[in-house]
Amino acid sequence: MKSATFGLSRRALLSVMAAAAAVVSFGLGTPAQAADPLKVSAIYTVPVEQQWVSRIHKALNAAKDRGEISYEFSENVANTDYERVMREYAENGSNLIVGEVFGVERAARKVAAQYPETAFLMGSSFAPEADNFSVFDNFIHEPSYLVGMAAGAATKSNKIGMVGGFAIPEVNRLMHAFMEGAKSVNPDVEFMVTFINSWYDPPKAKEAAFAMIDKGADIMYAERFGVSDAAKERGILAVGNVIDTAADYPGTILGSALWHMEATIDHAIAAVKAGEFKAEDYGKFSYMEHGGGSVVLDAALLPEGTVADVEAKEAEILGGTFSVTVNDEEPKSSM
């Protein structure tokens, strides 16, 4: 009588068993083979060229280039279409879905709850949820403080203009940190603050900047694209945010607070591959101690000694002897 192997030889049986063992799910709680590329999808409501999203896109492409993941994305997704795109990626077997859900929190969390075996890592102002919905944020308040010090030292009119997208915590905390840094070296500096209520409207941001320059601002905080264009045209200085645009505006960008998403993305990929992904707040990975933030300065555009002062304060931050306040309240003009 034949055994339950239905006549398979021992060698054939071992081959079948080995093949079966190699088929390992990437699902939550189940480790995946390190050599298998993770299937990652991303959903962006703006173009990938936009500052904030470009950093996520860059980190995911780096993981793709290392062969750790396959990567597909959708950009310019309307809020009303976000839920549909999320479902399509989940249904198509994505192991990790990345995106920003500001304005679509309820819909995104509903979709995530319906796909408990899929890992979700979303930019959000709110807490993680269930077992599979993790959140991240751009906590680059530390480099924002440092570049604020540089701006406070460089201004001659003691008037700095600040143009932001929306008055949400992710923007507010950076502006407050910048203002605090500027005040720490120049108590006389004043600020003009406005929000254009758009994540991507360079012409509107540029016009807002022109209005501030006309009122005496000699340095512009460029939280949005378009502001540095205005600064360049009027021959004043600007401060970059999230990305370094100095090469595009030579002689204009005195410094930038940079965001690096690699630590956040790499932690998520490792967790999913190990079957250990869980709902957690990834915000800490944007801190300077994790390599999530840095500051770059143009010494040629700054008063002598400024770079040294900034570097000394940076060492205090990294050494844990100085903490930059996280203030999520809407900043207001002081003039």
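Caption draft 1: Looking closely at helix 5 (residues 141-154). The first and last C-alpha atoms of helix 5 sit 20 Å apart over 14 residues, in line with the 20 Å expected at 1.5 Å per residue. Counting buried positions along helix 5 yields 13 of 14 residues, so the element is predominantly enclosed.

Caption draft 2: How the structure looks around the sheet that holds strand 11 (residues 293-297). Taken in spatial order, the 6 strands line up as 7-6-8-9-10-11 in an open sheet, and their pairing is mixed. If you trace the sheet from one side to the other, it starts and ends with strand 7 (190-195) and strand 11, each paired once. Across the sheet, the axes of successive neighbouring strands diverge by a mean angle of 15°, strand direction being ignored. Taken together, the 5 bridges between strand 10 (residues 253-259) and strand 11 define a ladder with antiparallel strand orientation. Residue Gly255 lies in a different strand from strand 11, and its bridge partner there is Leu297.

Caption draft 3: Spotlight on the pairing of strand 7. Where strand 6 (residues 159-164) lies against strand 7, 6 bridges are found, and the strand directions are parallel. Bridging across to strand 7, Lys159 finds its partner in Glu190.

Caption draft 4: Here's a closer look at the packing of aromatic side chains. This structure, assessed with the given rule, holds 13 aromatic pairs. Relative to Phe73, the ring of Tyr44 has its centre 6.2 Å away and its plane inclined at 45°; by these criteria the two rings are tilted. Note that Tyr44 is positioned in the loop between strand 1 (38-43) and helix 2 (51-65) and Phe73 in strand 2 (residues 69-74), a separation of 29 residues in sequence. Residue Tyr44 is classed as buried on the basis of its relative accessible area of 0%. Take Phe73: its relative accessible area is 32%, and that puts it in the partly exposed class. Taken together, a centroid distance of 5.7 Å and an interplanar angle of 50° make the contact between Tyr282 and Phe285 tilted. According to the relative accessible area criterion, Tyr282 is buried, its value standing at 0%. Among the aromatic residues, those joined into a ring-pair cluster are Trp52, Phe102, Phe136 and Trp259. One residue, Arg173, lies across the ring of Phe139, its end atom 4.0 Å from the ring centre. Above the ring of Phe322, the side-chain terminus of Lys313 is found at 4.2 Å from the ring centroid.

So, how was this worked out
- Residues numbered from 1 in each chain as written.
- Predicted model: local features only at pLDDT ≥ 70, side-chain atom pairs only at ≥ 80, totals over all residues.
- Heavy atoms only, no water.
- Helix = DSSP H or I, 4+ residues; strand = E, 2+ residues; numbered from the N terminus.
- Expected span 1.5 Å × (residues − 1).
- Buried < 20%, exposed > 50% of the residue type's maximum accessible area, 1.4 Å probe, protein only.
- Pairing = 2+ DSSP bridges.
- Axes fitted to C-alpha atoms, helices over the stretch in contact; angles between N-to-C directions.
- Phe/Tyr/Trp six-rings, centres within 6.5 Å; stacked < 30°, edge-to-face > 60°.
- Lys NZ or Arg CZ within 6 Å of the ring centre and 35° of its normal.

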